Structures are given as structure tokens and as C-alpha cells.
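Each chain is listed here by its residues.
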Amino acid sequence: MKNILIAVDFHEKTQLFVDKAQELAKSFDSKVWLLHVSGVKPDNEEDAQELRDEQAELQVITDHLIKQGIATEAIFAHGPTIDSILEKAKEFKIDLIISGHHKHGFLYRALYGDTTKNLIKKSKIPVLVVPLDD
């Protein structure tokens, strides 16, 4: 397992699945690719600032993993979440995708679907799901 992709959505418990990825990366001497798929397009200054904030937050996680001795790169993408994850997984020859899972209400699922469930259904690459809810 040489390449691990972590799908980061900046949930308050993101560090839980980053820690799992760190353990696996150390065990297998893997490279970690941190991917955030942003729904924000910088159409105005407020959106541009939100995008810069997301990029900065992703860089903090990247720097943390690098300090732990793990080869890590951050990737920022725009577009449909599942398609973007799978596209990057193919591009970087990913062996394992790690995603956090947290519960959403009915309205959220009706509007946006269940990202983790759809990722598992569409992926040909193994997906490790880390539960984030208590």
C-alpha cells in the first residue's frame, strides 16, 4: 500500500481519520494524499477568502503529517465530490481511500445524498470509513 488518499471535509473530528491514516502510512511506509473537494468557487471576495481558509486548513494537516515523517501532499479540487475523489484516486494510483462518516438529517441526505455510501458503491479501490459520530 504505497498511496493513501484522505478525503478531508473539515468536519470537527477530521483529526480522527487523519490519525488512522497516519498509523497506516507509518506501518506501510505509504505516501498520504490529502484531498479536499471544495464547493466554493471564488465568485466574490467572501468566497475567495473561504477558499483561502480551506487551503490554509488543509496545509496545517499536511504540515502535521510531514512533521511525523510521512510523505504528504495536499490536493484541492472543485466539482462533484465523488467524481473528484475517484478521479484523483486514479490519477495518483491510490491504494486506499480513507473517509470520515458522520450522520446527516433526512433533508441533507435528500438534497446532497450520502457521500460515503456513494463512494463505496462507485469505488474500485478499497475505502476505509472512520465513524465520526458518538
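What this report covers is the structure whose coordinates are included nearby. (Residues numbered from 1 in each chain as written. Predicted model: local features only at pLDDT ≥ 70, side-chain atom pairs only at ≥ 80, totals over all residues. Heavy atoms only, no water.)

## Some remarks on the overall build of the chain
Going by this rule: In this text, helices come from DSSP runs of H or I with a minimum length of four residues, and strands from runs of E with a minimum of two, each type numbered from the N-terminal end. For every residue, the accessible area obtained with a 1.4 Å probe (protein chains only) is divided by the maximum for its type, and the residue is called buried under 20%, exposed over 50%, and partly exposed between those limits. Contact criterion: two residues are considered in contact whenever any of their non-hydrogen atoms come within 4.5 Å of each other. To measure how exposed things are, a 1.4 Å probe is used in the Shrake-Rupley method; for residues, cover is taken only from the protein chains shown.
Assigned secondary structure in the chain consists of five helices and five strands. Going residue by residue from the N terminus, the α and β elements of the chain occur as β-α-β-α-β-α-β-α-α-β. Considering the chain as a whole, with its 134 residues, one finds that 40% of them fall into the buried category. A sequence separation of at least 24 residues applies to 76% of the contacts in the chain between residues at least 6 apart. If you sum the accessible surface of the chain, you get close to 8,000 Å²; carbon and sulfur atoms cover 52% of it.

## With respect to the pattern of salt bridges
Two side chains bearing opposite charge may form a pair once their charged atoms approach each other closely. Rules: By convention in these notes, a salt bridge is any Lys or Arg side-chain nitrogen within 4 Å of a carboxyl oxygen on Asp or Glu.
By the definition in use, this model includes three salt bridges. For Glu45, the salt bridge identified is with Arg52, shortest N-O distance 2.6 Å. Assessed through its relative accessible area of 53%, Glu45 is described here as exposed. In this structure, the salt-bridge partner of Glu91 is Lys88, at a minimum N-O distance of 3.4 Å. In this pair, Glu91 and Lys88 both sit in helix H3 (residues 81–91), three residues apart, roughly one turn of the helix. The partly exposed category is assigned to Glu91, whose relative accessible area is 46%.

## Regarding the side chain of Lys88
Classification of Lys88 as buried rests on a relative accessible area of 14%. If we skip the residues at most four places from it in the chain, Lys88 touches Leu5, Leu35, Ile75, Ala77 and Ile94.

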